[in-house]
Amino acid sequence: MKQFSKYFLKTLFIVNIIYMLIAWIIVRRAEVNLPFLRLELGAILISLILAFAMSIYRSEKGHPIINVIIAYLLVMPSLFIIRANFGRLLFRSAWLLYIIFIVIGIIYAIALWVASKKYQKEVDDLNQLLKKEDGKEKTPED
Amino acid sequence: MKITIDEKNKQKEIEVVIKGSKDDQRVQTIYQTLLYYEQSIVGKLDDRYHQIPLNHIYYFDTTDNRTFAYTSQHVYEVNYRLYQLEEKLEHDPFLRVNKHSILNLRKIKHFHSTMNGRMDAKLINGERIQISRRYVPDLKEKLGGVKS
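Residues numbered from 1 in each chain as written. Chains lettered and ligands numbered in written order. Predicted model: local features only at pLDDT ≥ 70, side-chain atom pairs only at ≥ 80, totals over all residues.

**Details of the sheet that holds strand S4 (residues 66-71) of chain B**
Residue and element names in this part refer to chain B.
Phase 1: The strand order S2-S1-S5-S4-S3-S7-S6 describes an open sheet built from seven strands, whose pairing is antiparallel. Each of the sheet's edge strands pairs with one partner strand only, and the pair in question is strand S2 (48-53) and strand S6 (94-98). On average, each strand axis in the sheet is inclined to that of its neighbour by 35 degrees, with strand direction left out of account.
Phase 2: Pairing of strand S1 (residues 40-45) with S2 involves six bridges; the strand directions are antiparallel. Looking at the pairing, Ser 40 lines up with Pro 53 of S2. (Pairing = 2+ DSSP bridges. Helix = DSSP H or I, 4+ residues; strand = E, 2+ residues; numbered from the N terminus. Axes fitted to C-alpha atoms, helices over the stretch in contact; angles between N-to-C directions.)

What follows is the structure, encoded as structure tokens:
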């Protein structure tokens, strides 16, 4: 729960900034009044979804690959919330949503690749040390 | 250093005699290494108390404020908190590797990184224990590397 709250606060901060930026651009360009209370509720909902996805992604339980896929699928509904909040002012055509789906997928794949490489050097070093340290057969009752 | 293995007397119990100064660092290291095979810890299984040799323990883990010792066959409940075990096993090949586990380094088969940016240690019994990033420098040092 503590971890979830941390993720939630971080994402809420970032989502709020992004929402404010989008709202500012829309208000300036389209000269419309946006329902800011609804926008804030949307931002909170998106932050909850993202925090939940991050918790699943970082979870120690379950298979890492399954967690990664679940986290990706969990992120997707947040796009519908953005669409519900800004409507046609942001998503002029429906296909734009699908393009964003794909773009997020690509970014996610790159992030995964970076994350898996992050530890590789340390893992290699530790395996090397392990080999050096025991250069011997291991038995269950070593 | 002179190492001799005497197989003449077919005695059951292994006898080790270290000849050297007690203050010698190498003597102390050899002594500590040998102690690993001699020491044991008391664990409870089915309401009975057992002596568990340290070299039979794969790892210690805490769940709901209770500490358990995992061997290849059984799971024993031990009457220590994780920090107490950490202190007690300071000179043995045991190391805290995450918030809730102390791992026997002699039971590690290899390390590997997972897709979600975490690190695991695969044990010789096939189990996987997660390694937290904050314990990696200590792990390196304990395995004879440089703490970074």
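Following the structure, the description resumes.
**Quick look at the pairing of S2 of chain B**
Phase 1: Counting buried residues in S2 of chain B gives zero out of six residues, a small share hidden from the surface.
Phase 2: Counted between consecutive antiparallel strands, the loop separating S1 of chain B from S2 of chain B contains two residues, among which Asp 46 of chain B sits at a positive phi close to 50 degrees. (Buried ≥ 20, exposed ≤ 12 C-beta atoms within 10 Å, placed from the backbone.)

**Description of helix H2 (residues 36-58) of chain A**
Phase 1: Helix length check: H2 of chain A (23 residues) gives 32 Å between terminal C-alpha atoms against 33 Å at 1.5 Å per residue, within 8%.
Phase 2: Of all the residues in H2 of chain A, the buried ones are Gly 42, Ala 43, Ile 46, Ser 47, Leu 50, Ala 51, Ala 53, Met 54, Ile 56 and Tyr 57 of chain A. (Expected span 1.5 Å × (residues − 1).)

**Points about the packing of helix H1 (residues 2-30) of chain A against H2 of chain A**
All names here are of chain A.
Phase 1: H2 packs onto H1 with a crossing angle of 140 degrees between their chain directions and a minimal axis gap of 8 Å. In terms of orientation, H1 lies oblique with respect to H2. You can see that H1 and H2 cross each other, and the crossing is right-handed. Two secondary-structure elements touch here, H1 through Gln 3, Phe 4, Tyr 7, Phe 8, Thr 11, Leu 12, Val 15, Asn 16, Tyr 19 and Ala 23 and H2 through Leu 39, Ala 43, Ile 44, Ile 46, Ser 47, Leu 48, Leu 50, Ala 51, Met 54 and Ser 55.
Phase 2: In the contact of H1 with H2, the residues fall into 15 nonpolar, five polar and no charged. (Parallel < 35°, antiparallel > 145°, perpendicular 65-115°, else oblique. Left-handed = near helix turned anticlockwise from the far one by under 90°. Contact = placed C-beta atoms within 7 Å. Nonpolar A, V, L, I, M, F, W, Y, C, P; charged D, E, K, R; others polar.)

**Re the interface of chain A and chain B**
Interfaces are often sized by the accessible area lost when the parts come together.
Phase 1: Of the residues lining the interface, 26 residues belong to chain A; the matching set on chain B comes to 24 residues.
Phase 2: Put simply, the parts of the chain that give the side of chain A that touches chain B at least two residues each are H2, helix H3 (64-75), helix H5 (95-118) and helix H6 (120-134) of chain A.
Phase 3: In terms of residues, the side of chain A that touches chain B owes the most to one element, H6 of chain A, which gives 10 residues.
Phase 4: Classifying every residue of the side of chain A that touches chain B by side-chain character gives 12 nonpolar, four polar and 10 charged.

**Notes on unusual backbone geometry**
Residues and elements named next belong to chain B.
Phase 1: Phi at Asp 46 is positive, roughly 50 degrees, even though this residue is not glycine.
Phase 2: Note on placement: Asp 46 falls in the loop between S1 and S2.
Phase 3: Under the C-beta neighbour-count criterion, Asp 46 is labelled exposed, with 7 such atoms within 10 Å.
Phase 4: Backbone geometry places Asp 47, a non-glycine residue, at a positive phi of 60 degrees.
Phase 5: Mapped onto the elements, Asp 47 comes out in the loop between S1 and S2.

**Examining the packing of H2 of chain A against helix H4 (residues 77-86) of chain A**
All names here are of chain A.
Phase 1: It is the contact of H2 with H4, at a shortest axis distance of 9 Å, that shows an interaxial angle of 175 degrees. As the angle between them shows, H2 and H4 are arranged roughly antiparallel. Mapping the contact onto sequence places Arg 38, Leu 39, Gly 42, Leu 45, Ile 46, Ile 49 and Leu 50 in H2 and Pro 77, Ser 78, Ile 81, Ala 84 and Asn 85 in H4.
Phase 2: Along the lines of polarity and charge, the residues of the contact of H2 with H4 split into eight nonpolar, three polar and one charged.

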